[in-house]
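The lines below spell out each chain.
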Amino acid sequence: MTDDAYLFLVDEPIETPGVPPSAVGSLACMETPAVRAWLNAQHASEASPRLRLVPPEHTGAIPEEAERLPVPLTDEELRRLRHRTAPEALAAVEAELLAYRDCAHGRDEMLARALAAGLLPDRVAELTGEDMAVVRAAAGR
């Protein structure tokens, strides 16, 4: 898995992984010379319906034949992207986990619920700030 998000172009934007970059809001990387040059070389614009963006953990879903470019995102940009690409049920659990950082009430139940919902232990640890050993212990309950 890479640490970069990816921009990529598809032939058919329907039923394609990721989201249009504009759905995430303003992204600093879209103004960089590298992204501008890549878009120009692909004869595409920032507003193209063919342009998609995926977080690092979803790069395996990019179609093999798609033109792609790794792009660094800030923590806030990556959080917004993940929120937009997560299925609704997972997005709700992720929002709970982010709120969890401020309190420990119901910690074990929340961790177990997040894991049962299908979030990977690494992602749960990242969202909560919990040690992986704590997250793994919650998975065993």
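Just so it is clear, the model here is predicted, and its values are computed rather than measured.

**Student:** How should I be thinking about the pairing of strand β2 (residues 51-54) in this particular structure?
**Tutor:** As a general feature of sheets, a regular strand has side chains that alternate between the two faces. Where burial is concerned, the two faces of β2 agree: the one with L51 and L53 and the one with R52 and V54 are both buried. By the bridge criterion, four bridges tie strand β1 (residues 5-9) to β2 in an arrangement that is antiparallel. Along β2, the bridge assignment pairs L9 with L51.

**Student:** It is not clear to me how the nonpolar core should be interpreted in this structure. Could you clarify?
**Tutor:** As a rule of thumb, nonpolar side chains are buried together in soluble globular proteins. Counting 19 residues, the largest nonpolar core has L7, M30, L53, V71, L73 and L81 as the members making the most contacts within it. Broken down by secondary-structure element, the contributors of at least two residues to this core are β1, α1 (33-41), β2, β3 (67-71) and α2 (75-85). In terms of nonpolar packing, the next biggest core, distinct from the first, is built from 13 residues, V93, L97, L111 and V124 among them.

**Student:** Mind showing me how you'd approach the packing of helix α4 (residues 107-117) against helix α6 (residues 132-139) here?
**Tutor:** Between two packed helices, both the angle of their axes relative to each other and the distance between the axes serve to describe the pair. The contact between α4 and α6 brings their axes to 8 Å, and the two run at 75°. Comparing the axis directions of α4 and α6 gives the class roughly perpendicular. Each of R107, D108, L111, A112 and L115 in α4 lies in contact with α6, whose residues at this interface are V134, V135, A138 and A139. Across the contact of α4 with α6, the residue classes tally to seven nonpolar, no polar and two charged.

**Student:** When you look at the environment of S22 in this model, what are you seeing that I'm missing?
**Tutor:** Structurally, S22 can be placed in the loop between β1 and α1. Between the C-alpha atoms of S22 and D4, which are 18 residues apart in sequence, the distance is 18 Å.

**Student:** Would you mind showing me how to read the pattern of salt bridges here?
**Tutor:** Once their charged atoms are close, side chains differing in charge can pair, the charge on each being opposite to the other. Tallying each qualifying case throughout the model produces eight salt bridges. Between R82 and E57 there is a salt bridge, with its nearest N and O atoms 2.7 Å apart. Here E57 lies in the loop between β2 and β3 and R82 lies in helix α2, a separation of 25 residues in the sequence. Under the relative-accessibility criterion, E57 is labelled partly exposed at 31%. Residues joined in a network through salt bridges with shared partners are E57, R82, R123 and E126.

Cut-offs used in this document
Residues numbered from 1 in each chain as written. Predicted model: local features only at pLDDT ≥ 70, side-chain atom pairs only at ≥ 80, totals over all residues. Heavy atoms only, no water. Buried < 20%, exposed > 50% of the residue type's maximum accessible area, 1.4 Å probe, protein only. Helix = DSSP H or I, 4+ residues; strand = E, 2+ residues; numbered from the N terminus. Pairing = 2+ DSSP bridges. Core = buried A, V, L, I, M, F, W, Y, C linked by side-chain atoms within 4.5 Å. Axes fitted to C-alpha atoms, helices over the stretch in contact; angles between N-to-C directions. Parallel < 35°, antiparallel > 145°, perpendicular 65-115°, else oblique. Contact = heavy atoms within 4.5 Å. Nonpolar A, V, L, I, M, F, W, Y, C, P; charged D, E, K, R; others polar. Salt bridge = Lys/Arg side-chain N within 4 Å of Asp/Glu carboxyl O.

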